[in-house]
Amino acid sequence: MTDRDVIKVPLGPQHPALKEPGNFILSMKGELVTEMGVRLGYNHRGIEKACEQRSYLNDLYLLERICGICSHSHSTAYVQAVEEIAGIQVPPRGLYLRTLVAELERVHSHLLWLGVAGHEIGFDTLLMYSWRDREVVMDLLAALTGNRVNYGFNTIGGVRRDITDEQKLEVLKATDTLEERTKYYAELAGHETTLIKRLKDVGRLSKEDVLRLGVTGPTARASGVSRDVRKDDPYAVYADLDFEVITSDHCDVYGRTLVRVGELMQTYKMIRQLLTQLPDGAIAAKAPRKIPKGQAISRYEAPRGEDFHFVRGNGTDKPERVKVRAPTLVNMQAVSTMMKGGYLADMPITLAAIDPCFSCTDRMIELRDESDTACGEYSWPALRQLGISHHRALGIDFTELSKKLASRRDRV
Amino acid sequence: MRVVDRIVTWARLKSPWILHFNSGACNACDIEVIAALTPRYDVERFGVVLKGSPRHADVLVCSGPVTRQIKDRLVRIYEQMPQPKFVVAVGTCASSGGVFDGLYNVMGGIDSVIPVHAYIPGCPASPKAIIDGVVKLLTALESGQAVPVERPRIDYNPMGENENLIAPEQLLRSPQKEEGPSSDVL
């Protein structure tokens, strides 16, 4: 195959099929994709660095805004790590409420995905249906937490709002409605020829590839790998709940759809259990402003897969390091494997099937001087210089102080 | 107002086609923009249609703070839209940078890069607020308060106009400065 046979098709960053900016370069031979290159980083804002300059409580609200769809995932993963360092025991009622919002978030995220998947295959009716049903759970989240998205529900040591008995009934009532609707979608996925023909054998990812690439979440479970942090390493109150990990052996986009719809049914089961088992008592424990020295990791099963946070405290009220590893980072690498040998027209749905979230993923950026032939990277002194001038612009200047210290050192 | 102008304004108001662009947002405003288009809120009944191409759009709906990497894309998409064009900044981040203001890879609000006609606050702006913002923009258009900004091409400068930071090129091209301890100590 010569270079002339291969056509490179760029997709994005602004593209009707992608709601978030990401650039994909597809090497095509005729209609078939031979290779896919990914270029992300459009959503990189520098949150991890900013966390080091703000207090633990401020970071909570900043980390919640890593991603608006799984905001509760990031904030829970972070508070779990901080609570572990500080040795805070969260009251059981706080943990139950945290899990309740987490599961409601999963409902909203999976229904959102179902709609987006429908849109990507040109089945806009499904988008309108599932987003209409999604409004039911959005209302619940708004009633329980005070906001439709970016709930601000977690705090270090527990949660910020309690649930009333009327709200409990409301949640149960809405769960019944949603379950009925989800049953309809499950039936639809089983019978509807439009869906089956469009999704089957698209974006195949074998079990071996899942294990090799370390894929997580519904994408891994749809290839027959039973991998779920809620079961493998239970956090919050998942150890007390009775649920199954849904897997499928289809290994394609159709399997991913079935897994997500099946997970929705399990989530309704869990919501009912959470509300019936909900203990009385306090919703939050008092957290100290300064967090002791120490480090902790925290794993959380976000709607898209395993969310991982690392926090290191140095005894002050600001963390020394916060590291976030979102599920899309690993799942993204599987997309090029899925795309190989596929059609260009299947690209949007294959990408959408992992439920990508670039704002979760974009945690680093590489600075390059493109005018130079050599790859430009900041050397350590240059980066330090940049930091000094950045802080000086903000009004933080230690030049005088360091001169004084240096002269004192000389005298000694 | 001349008759021709009145007809043009009427045509403009009847069916504003929008282009949604995520300029580094956290997805929250984006899903609320889509929620405004779906059955509960359904702005499509007012003729608002989400388009995929900037060349078909009248209104650019932007969400999120402008990151350094997305900046020239945003300018390019703005340039590609036909005149008259209007920009709506959805959410606090798009309006002012919000919680991300001051981060090293964030330029600030949308108006730090392209002219903005309407700001919709909220984190995220709820679909109701988005509809309200769009209606206010249309009302302002009708009364002639909001006029499309006629301005020359925006020259793209990767480090911004009033940037206090040292441009990376300067740092990279001065290896002789790397030797020896610096006199500036932070």
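Calculation rules
Residues numbered from 1 in each chain as written. Chains lettered and ligands numbered in written order. Predicted model: local features only at pLDDT ≥ 70, side-chain atom pairs only at ≥ 80, totals over all residues. Heavy atoms only, no water. Pairing = 2+ DSSP bridges. Helix = DSSP H or I, 4+ residues; strand = E, 2+ residues; numbered from the N terminus. Axes fitted to C-alpha atoms, helices over the stretch in contact; angles between N-to-C directions. Buried < 20%, exposed > 50% of the residue type's maximum accessible area, 1.4 Å probe, protein only. 1 Å grid on protein atoms, 1.4 Å probe; cavity = no way out; pocket = protein on both sides within 12 Å on 5 of 7 lines; lining within 4 Å. Points joined across faces, edges and corners; volume = space filled by probe spheres on them. Nonpolar A, V, L, I, M, F, W, Y, C, P; charged D, E, K, R; others polar. Phe/Tyr/Trp six-rings, centres within 6.5 Å; stacked < 30°, edge-to-face > 60°. Lys NZ or Arg CZ within 6 Å of the ring centre and 35° of its normal. Domains from an automatic or database assignment. Parallel < 35°, antiparallel > 145°, perpendicular 65-115°, else oblique. Left-handed = near helix turned anticlockwise from the far one by under 90°. Contact = heavy atoms within 4.5 Å. Salt bridge = Lys/Arg side-chain N within 4 Å of Asp/Glu carboxyl O. Buried area = accessible area lost by both parts, 1.4 Å probe. Polar contact = N/O pair within 3.5 Å; in protein donor to acceptor, adjacent residues only side chain to side chain.

All names here are of chain A. The 3 strands lie next to each other as β6-β7-β8, forming an open sheet whose pairing is antiparallel. The sheet is open, and its two edges are formed by β6 (294–302) and β8 (319–325), each paired on a single side. On average, adjacent strands in this sheet sit at an angle of 15 degrees to one another, irrespective of strand direction. One ladder, built from 6 bridges, connects strand β7 (residues 305–313) with β8; its direction is antiparallel. When the sheet's bridge partners are listed, Arg 312 is paired in β8 with Arg 321.

Right, let's get into the pairing of strand β2 (residues 23–29) of chain A. Residues and elements named next belong to chain A. Within β2, 5 of the 7 residues are buried, which leaves it mostly tucked inside the rest of the structure. Pairing geometry for strand β1 (residues 6–11) and β2, over 6 bridges, is antiparallel. Bridge pairing in β2 links Val 6 to Lys 29. Two elements, β2 and strand β3 (residues 32–39), share 7 bridges in a ladder whose sense is antiparallel. Along β3, the bridge assignment pairs Ile 25 with Gly 37. Connecting β2 to the antiparallel partner β3 that follows it, the hairpin turn spans 2 residues, and Gly 30 within it adopts a positive phi of roughly 65 degrees.

A word on unusual backbone geometry. Residue Pro 124 of chain B is bonded to the preceding Cys 123 of chain B through a cis peptide linkage, with omega at -10 degrees. Structurally, Pro 124 of chain B can be placed in the loop between β7 (118–120) and α5 (127–142). Despite not being glycine, Asp 201 of chain A shows a phi value in the positive range, around 60 degrees. Mapped onto the elements, Asp 201 of chain A comes out in the loop between α7 (193–199) and α8 (207–213).

Right, let's get into the layout of surface pockets. Over the atoms rolls a probe the size of a water molecule, and in doing so it shows where empty space is left. Taken as a whole, the second largest pocket spans an internal volume of roughly 800 Å³. Considering the residues around the second largest pocket, the lining is formed by 41 residues, among which Ala 17, Leu 18, Lys 19 and Val 116 of chain A together with Ile 34 of chain B are closest to the centre. Every element with two or more residues in the lining of the second largest pocket is listed here: α4 (92–120), α5 (124–145) and α13 (347–353) of chain A together with β1 (17–22), α2 (28–37) and β2 (49–51) of chain B. No other element matches the 5 residues that α4 of chain A contributes to the lining of the second largest pocket. Classifying every residue of the lining of the second largest pocket by side-chain character gives 24 nonpolar, 8 polar and 9 charged.

Per the stated rule, a full pass over the model turns up 6 aromatic pairs over all chains. On the basis of an interplanar angle of 70 degrees and a centroid distance of 6.1 Å, the ring pair of Tyr 238 of chain A and Phe 243 of chain A is categorised as edge-to-face. Exposure class is identical for Tyr 238 of chain A and Phe 243 of chain A. Each is buried. Within the aromatic cluster, the residues linked to one another by ring pairs are Tyr 235, Tyr 238, Phe 243 and Tyr 300 of chain A. Above the ring of Trp 131 of chain A, the side-chain terminus of Arg 134 of chain A is found at 4.4 Å from the ring centroid. Lying across the ring of Tyr 78 of chain B, Lys 85 of chain B places its NZ or CZ 4.4 Å from the centre.

A few words on the domain arrangement of chain A. Along its sequence, chain A is organised into domain 1 (48–325) and domain 2 (380–411). Between the C-alpha centres of domain 1 of chain A and domain 2 of chain A there is a distance of 44 Å.

Residues and elements named next belong to chain B. Under the criterion given, the structure shown has 5 cavities of 30 Å³ or more. When its volume is computed, the largest cavity comes out at roughly 90 Å³. Forming the walls of the largest cavity are 15 residues, and the residues nearest its centre are Ala 25, Cys 26, Cys 29, Cys 93 and Cys 123. Of all the secondary-structure elements, those providing two or more residues to the lining of the largest cavity are α2 and α4 (92–96).

With that settled, the discussion passes to the environment of Leu 141 of chain B. Residues and elements named next belong to chain B. Within the secondary structure, Leu 141 sits in helix α5. Residue Leu 141 is classed as buried on the basis of its relative accessible area of 9%. Considered as a pair, Leu 141 and Glu 79 are 62 residues apart in the sequence and their alpha carbons are 21 Å apart.

Residue and element names in this part refer to chain A. Viewed as axis vectors pointing N to C, helix α3 (residues 71–86) and α4 meet at an angle of 150 degrees, and their least axial separation amounts to 9 Å. Considered as vectors, α3 and α4 are oriented roughly antiparallel to each other. Here the hand of the crossing between α3 and α4 comes out left-handed. For the pair α3 and α4, the contacting residues are Ser 71, His 72, Ser 73, Thr 76, Val 79, Gln 80 and Glu 83 in the first and Arg 98, Val 101, Ala 102 and Glu 105 in the second.

Our next topic: the pattern of salt bridges. Residue and element names in this part refer to chain A. Per the counting criterion, the structure on display carries 31 salt bridges over all chains. A salt bridge links Glu 48 to Lys 323; the shortest N-O distance between them is 3.7 Å. A residue pair is termed long-range when its members are at least 10 positions apart, and Glu 48 in helix α1 (residues 47–51) and Lys 323 in strand β8 qualify at 275 residues. The exposure class of Glu 48 is buried, given its relative accessible area of 8%.

Right, let's get into the interface of chain A and chain B. Each partner contributes residues to the interface: chain A has 63 residues there, and chain B has 53 residues. Interface area, chain A with chain B, both sides summed: about 4900 Å², of which 62% is carbon and sulfur. Looking only at chain A, the three residues that lose the most surface to chain B are Gln 14, Tyr 42 and Arg 45 of chain A, adding up to 14% of its buried area. At the surface where chain A touches chain B, the tally comes to 3 salt bridges. A salt bridge links Arg 40 of chain B to Asp 139 of chain A; the shortest N-O distance between them is 2.8 Å. For the pair chain A and chain B, the number of links is 13 residue pairs in polar contact (both at pLDDT 80 or more). Within the residue set of the side of chain A that touches chain B, elements represented by two or more residues are α1, α4, α5, α15 (380–393) and α16 (399–411) of chain A.

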